[in-house]
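Notes for the structure review
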Amino acid sequence: MTSGGGPMKECGYSEINTRGTSPMESPHKKKIAVKRKWEVFPGRNKFYCNGRIMMARQTGVFYLTLILILVTSGLFFAFDCPYLAVKITPAIPVIGGILVFFVMGTLLRTSFSDPGVLPRATPDEAADLERQIDVANGSTSGGYRPPPRTKEVVINGQTVKLKYCFTCKIFRPPRASHCSLCDNCVERFDHHCPWVGNCVGKRNYRFFYMFILSLSFLTVFIFAFVITHVILRSQQSGFLNALKDSPASVLEAVVCFFSVWSIVGLSGFHTYLISSNQTTNEDIKGSWSSKRGKENYNPYSYGNIFTNCCAALCGPLNPSLIDRRGIVQADMAQSVTPSNGLTMYGSTQSQSNMGQVQETPVLLEHNK
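Calculation criteria
- Residues numbered from 1 in each chain as written.
- Predicted model: local features only at pLDDT ≥ 70, side-chain atom pairs only at ≥ 80, totals over all residues.
- Heavy atoms only, no water.
- UniProt positions renumbered as here; feature names shortened; annotations may be inferred.
- Helix = DSSP H or I, 4+ residues; strand = E, 2+ residues; numbered from the N terminus.
- Buried < 20%, exposed > 50% of the residue type's maximum accessible area, 1.4 Å probe, protein only.
- Contact = heavy atoms within 4.5 Å.
- Areas by Shrake-Rupley, 256 points an atom, 1.4 Å probe, with all protein chains shown as cover.
- Expected span 1.5 Å × (residues − 1).
- Bend = angle between axes of the 7 residues up to and from the residue.
- Salt bridge = Lys/Arg side-chain N within 4 Å of Asp/Glu carboxyl O.
- Pairing = 2+ DSSP bridges.
- Phe/Tyr/Trp six-rings, centres within 6.5 Å; stacked < 30°, edge-to-face > 60°.
- Lys NZ or Arg CZ within 6 Å of the ring centre and 35° of its normal.

With an unreviewed UniProt entry as reference, the protein is termed Palmitoyltransferase, source organism Eleutherodactylus coqui. In the Sequence similarities (unreviewed entry) part of its UniProt record, the protein is described as follows: "Belongs to the DHHC palmitoyltransferase family." Annotation of the protein in UniProt includes, under Catalytic activity (unreviewed entry), the sentence "L-cysteinyl-[protein] + hexadecanoyl-CoA = S-hexadecanoyl-L-cysteinyl-[protein] + CoA".

So, in structure tokens, the structure goes:
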């Protein structure tokens, strides 16, 4: 077909790719790396399962605790329970299994949980607190600040000092203390226990107490029935033959014999602490000892053993103050040297309930 004396040129069509041309989509989409707060946590802790499990850095003794419990219990079920179930009662392995299950459950609950770590101050909070201290000491920004930094509050008629933590940049609440091994301030700090691989504080003390109490029962239970097993076999074939027939019983008896005294003693000590509403830290320091003065008394005690025990073991479990699985906000993250106790982790704490504790000393001072 011609037009104007010349052939018509064929038109070529090319496909237009409209993908990626939408104004809502970018052709070069960059993935933003999500960083959790536990990854930049300033304390000396180890985290597992994306921050769900929190432990101290030194966990070697904790694994020794696990091995001793599991090996001793395993030998008991393998070598002693079959004989005892036939000769005495099948309830023995059942009771032993319940005790082992309870011991392991409370041990892992104590070891894997937040003991009550207090969040560190953000850079703005730390700077504001420094200004308050300057005003209270009557010094200028470049002047001399007399140590130590303390505040006094009255709790149930007893004057209690709040100490300033130079690492966390906060005034620690009453009964809190800084653990040098974990490098954290812990609420109602009791002690750092290497056997459970964690600090023992406000949020895991009840589980720690139930662990040592149930472990005491388990140790006494295994030791008693191992001796019973050996005696029954000795009556049939003699003492030496009984040991040859069940050599594992000798190992169990030795482990339980040397463990039972310390475990039962520790359970008794913490039963005394719970009944008087004290912590190990307070008892060692003699914080409420009458030797410090006739008017010195424990302001946290409810006055009777039953109420103190209920408060320690049956009271509500406080939520964690550190949002360790929260996401670090890149726009709010600030780079601060770790030597002064403030890191990127602290700069994001104000978006959660992590700032509640830092405000406590200020509120207490206004109420004086």
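**Notes on the overall build of the protein**
Counting its secondary structure elements, the protein contains nine helices and 11 strands. Across the 368 residues that make up the protein, the buried fraction comes to 43%. Considering only residue pairs separated by 6 or more positions, the protein has 64% of its internal contacts joining residues 24 or more positions apart. For the protein, the exposed area adds up to about 21000 Å²; of that, 62% sits on carbon and sulfur atoms.

**Some thoughts on helix 1 (residues 60–87)**
Helix length check: helix 1 (28 residues) gives 40 Å between terminal C-alpha atoms against 40 Å at 1.5 Å per residue, within 8%. In the structure, helix 1 departs most strongly from a straight axis at aspartate 80, where the bend amounts to approximately 50 degrees and where the proline proline 82 lies between one and four residues downstream. Inspection of helix 1 places Phe62, Thr65, Leu66, Ile69, Thr72, Ser73, Leu75, Phe76, Asp80, Cys81, Tyr83 and Leu84 among the buried residues, and these make up the whole buried set.

**Brief notes about the UniProt feature "transmembrane region" (unreviewed entry) in the protein**
In the UniProt entry, the feature "transmembrane region" (unreviewed entry) is given for residues 61–79, 91–108, 207–231 and 251–275. Here residues 251–275 is 100% helix and 0% strand, with 36 Å between the C-alpha atoms at its ends.

**Some remarks on the pattern of salt bridges**
A full pass over the atoms with the stated rule returns seven salt bridges. Linking arginine 120 and aspartate 183 is a salt bridge whose minimum nitrogen-to-oxygen distance equals 3.2 Å. Placement of arginine 120 in the loop between helix 2 (91–112) and helix 3 (123–137) and of aspartate 183 in the loop between strand 8 (177–179) and strand 9 (184–186) is noted, with a sequence separation of 63 residues between them. Each member of the pair, arginine 120 together with aspartate 183, is buried. Arginine 233 is the partner of aspartate 245 in a salt bridge, and the nearest nitrogen-oxygen pair spans 4.0 Å. Placement of aspartate 245 in helix 5 (residues 239–245) and of arginine 233 in helix 4 (residues 205–237) is noted, with a sequence separation of 12 residues between them.

**Concerning the pairing of strand 5 (residues 150–155)**
In strand 5, alternate side chains face the same way, and those of Lys151, Val153 and Ile155 are buried while those of Thr150, Glu152 and Val154 on the opposite face are not. Joining the antiparallel neighbours strand 5 and strand 6 (residues 158–165) is a turn of two residues, in which asparagine 156 adopts a positive phi near 50 degrees.

**A closer look at the packing of aromatic side chains**
Within the structure shown, the criterion is met by 14 aromatic pairs. Geometrically, the ring pair formed by tyrosine 164 and phenylalanine 171 is edge-to-face, given 5.2 Å between the ring centres and 65 degrees between the ring planes. With respect to burial, tyrosine 164 and phenylalanine 171 carry one shared label: buried. Put simply, the rings of Phe76, Phe77, Phe221 and Phe225 touch in pairs and so form one group of aromatic residues. The ring of tyrosine 300 has arginine 175 sitting right over it, with the charged end atom 4.1 Å from the ring centre.

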